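Analysis of the macromolecular model
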Amino acid sequence: MPKLWAGVTAGITDPVADDFNSSIRFDRRMYRQDIRGSMAHAAMLAARGIISEAERDCLTDGLAGILEDLDSGALAFDLQCEDIHMFVEQELTRRIGDTGKKLHTARSRNDQVALDLRMYLREEITEIGGLTEALIAALSDAAEAHKASIMPGYTHLQRAQPVSFGHYLMAYAMMLLRDLDRLADCKKRMNVSPIGCCALAGTTYDTDRQMEAELLGFDSIALNSMDGVSDRDFAVELLSALSIEMMHLSRLAEELILWASWEFKFIELSDAYTTGSSIMPQKRNADMAELVRGKTGRVYGDLIGLLTTLKGLPLAYNKDMQEDKEGVFDACDTVKMCLRVFAPMIATMQVRTDNMLRAAQTGFINATDLADYLVRKGLPFRSAYKISGQIVARCMAEGQVLETLPLAAYREFSPLFEEDLYREIDLKTCVEKRISEGGTSEASVEKQIAYVRTVLEHD
Ligand code: ARG
């Protein structure tokens, strides 16, 4: 069958080329957006007297029928069609006859595809935002339960200073909150309607782009038709926001894998989110977390892929741009899958506070507090730092920790040491005294949780 676009060419292409050229296999997922867009277009054409009201009703009914039948599965996609836009138009004309051929007045597939993709992706953003919120809520709940559970905080993966597990979890909640913000920001710029830009130059018909934009829930219209049909920066922005979010998830995933190992055993992941080994009966592998970490690379690939596709393209539309969809769809699907397993994985993990505390008790993570003790007694910090270092070295040589070294030994290093030093280097005190804003004290963690919850409530 000749193509809908048969004009100067016969519209008959080689089947292999046809297959190569077609995008219906992946753009069919935008059928709802395509049909909604066409309904709005028909309404606008009638409002401007370009088609009659009877024709509009005929088009709208036909489109509604197609939507219903695609939703129910009564109508199958014709994979012979080049893309979803051609499929809907062809099916419409098959159903309602010649009136169907009027739908494509004052538009082009170029503005249609830009429209559909923006509509599709803004819905994806809403869904991904909701799933991100669920993860933030799970992190905040776990943080609340563990706002006083002491663990070693690390730098360079070396034990550094004591923190609460709640404080640690809230660090990720804050990152994800910014991810939410990035998604919302990206949606603002995405929500600009390209329909009516037509092929590239606008149209000679007296159209009402504003009306179409309003009917479809857009905030405004693209003010330059060549820009409207040819930029995909909104998809690039979404991909970069998703890449950043995956980077955060991947770091958390990496830590869950570490924390769940026998070397740490700070947490135990629920059986629902671990797998066994086919040969080693004792194994509990954190496959879900590993997959999140692994899939991060794939989302980065989607970002770099689209950036590379776009970088040399002359204005306006080029067929290369058909390559925009698979990557961005894949990234959305991937992020959604990751978030769907992540939130319940956090909610169901068991926290081994005993092991965390034990790890915190070795490694001299209260050495900074020992130095601060001397500073409070009047010594300059640099000198206090030096003395504390010497004391740590002595403890190491004698197999002691700061808590067990007798006062007499301390006094050999400085006469400023008194009995109250033991209270100051108690891990609980170390955490509780970090009352600076954003610090690890219980009050500060409570404040963080309250802040995050208020933001979520107002979203
Ligand atoms: N399937 C195309 C795409 O995804 C739709 C736009 C095609 N326009 C054109 N003039 N070939 O980009």
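Residues numbered from 1 in each chain as written. Predicted model: local features only at pLDDT ≥ 70, side-chain atom pairs only at ≥ 80, totals over all residues. Heavy atoms only, no water.

**Considering the site of the ligand**
Every residue near the ligand is listed here: Ser 23, Asp 27, Asp 83, His 85, Arg 109, Asn 110, Val 113, Tyr 317, Gln 322 and Lys 325. Here an oxygen atom of the ligand and a side-chain polar atom of Tyr 317 are 2.5 Å apart. Residue Lys 325 places a side-chain N or O atom 2.6 Å away from an oxygen atom belonging to the ligand. Calculation on the ligand without its partners gives an accessible area of 340 Å², and the protein chains cover 86% of this total. Sort the elements by how many residues they give to the shell around the ligand and helix H6 (residues 109-145) lands first, with 3 residues. (Near = heavy atom within 4 Å. Polar contact = N/O pair within 3.5 Å; in protein donor to acceptor, adjacent residues only side chain to side chain. Areas by Shrake-Rupley, 256 points an atom, 1.4 Å probe, with all protein chains shown as cover. Helix = DSSP H or I, 4+ residues; strand = E, 2+ residues; numbered from the N terminus.)

**A short note on the packing of aromatic side chains**
The tally for this structure, following the rule as stated, stands at 15 aromatic pairs. Seen from their ring centres, Tyr 410 and Tyr 422 are 5.9 Å apart, and the 85 degrees between their planes marks the pair as edge-to-face. Of this pair, Tyr 410 sits in helix H16 (residues 407-413) while Tyr 422 sits in helix H17 (residues 421-424), placing them 12 residues apart in sequence. Through successive ring pairs, a cluster of aromatic residues spans Tyr 154, Phe 165, Tyr 168, Tyr 172, Trp 259, Phe 264 and Phe 266. Lying across the ring of Phe 218, Arg 122 places its NZ or CZ 4.4 Å from the centre. The ring of Trp 262 carries the charged tip of Lys 265 above its face, separated from the ring centre by 4.6 Å. (Phe/Tyr/Trp six-rings, centres within 6.5 Å; stacked < 30°, edge-to-face > 60°. Lys NZ or Arg CZ within 6 Å of the ring centre and 35° of its normal.)

**Regarding helix H4 (residues 53-72)**
In this model H4 runs 28 Å from its N-terminal to its C-terminal C-alpha over 20 residues, within 8% of the 28 Å that 1.5 Å per residue would give. Of all the positions in H4, only Glu 55, Leu 59, Gly 62, Leu 63, Ile 66 and Leu 70 are classed as buried. In a view along the axis of H4, the buried residues occupy a sector of 95 degrees, so they form one face of it. Exposed and oriented more than 90 degrees from the buried face of H4 are Glu 53, Ala 54, Asp 61, Glu 68 and Ser 72. Residues of H4 that are buried in the fold lie against helix H3 (31-47) and helix H5 (84-96). (Expected span 1.5 Å × (residues − 1). Buried < 20%, exposed > 50% of the residue type's maximum accessible area, 1.4 Å probe, protein only. Arc of directions from axis to C-beta. Contact = heavy atoms within 4.5 Å.)

**What to know about the nonpolar core**
Residues Leu 121, Phe 165, Leu 238, Phe 342 and Ile 346 are the most contacted members of the largest nonpolar core, which totals 76 residues. Among the elements of the structure, H6, helix H7 (165-190), helix H10 (233-259), helix H11 (287-310), helix H12 (324-348), helix H13 (353-361) and helix H19 (442-457) are those that each provide at least two residues to this core. Broken down by element, the residue count for this core peaks at 14 residues, all from H10. Non-local contacts of Ile 346, meaning those with residues more than four positions away in its chain, are made with Leu 135, Ala 138, Leu 139, Ala 142, Leu 252 and Leu 256. Within the second largest apolar cluster, 20 residues are counted, among which are Ala 42, Met 44, Leu 63 and Phe 87. (Core = buried A, V, L, I, M, F, W, Y, C linked by side-chain atoms within 4.5 Å.)

**Comments concerning the pairing of strand E2 (residues 158-164)**
Bridge count for strand E1 (residues 150-155) against E2 is 6 bridges, and the pairing is antiparallel. Across the sheet, residue Met 151 finds its bridge partner in E2, namely Val 163. Where E1 hands over to E2, the hairpin turn is made up of 2 residues, of which His 156 adopts a positive phi near 55 degrees. (Pairing = 2+ DSSP bridges.)

**Side note on the side chain of Thr 207**
Tracing the backbone shows Thr 207 in the loop between strand E3 (192-193) and helix H8 (209-215). With a relative accessible area of 16%, Thr 207 lands in the buried category. With residues near it in sequence (within four places) discarded, Thr 207 still touches Met 44, Arg 48, Ile 50 and Ala 106.

**Some words on the packing of H10 against H12**
For the pair H10 and H12, the least separation of the axes is 10 Å and the interaxial angle reads 30 degrees. Judged by the inter-axis angle, H10 sits roughly parallel to H12. The handedness of the crossing between H10 and H12 is left-handed. Every residue of H12 that contacts H10 at Ala 235, Leu 238, Leu 239, Leu 242, Glu 245, Met 246, Leu 249, Leu 252, Ala 253 and Leu 256 is listed here: Gly 327, Val 328, Ala 331, Cys 332, Val 335, Cys 338, Leu 339, Phe 342, Met 345 and Ile 346. Its residues placed into classes, the contact of H10 with H12 shows 18 nonpolar, 1 polar and 1 charged. (Axes fitted to C-alpha atoms, helices over the stretch in contact; angles between N-to-C directions. Parallel < 35°, antiparallel > 145°, perpendicular 65-115°, else oblique. Left-handed = near helix turned anticlockwise from the far one by under 90°. Nonpolar A, V, L, I, M, F, W, Y, C, P; charged D, E, K, R; others polar.)

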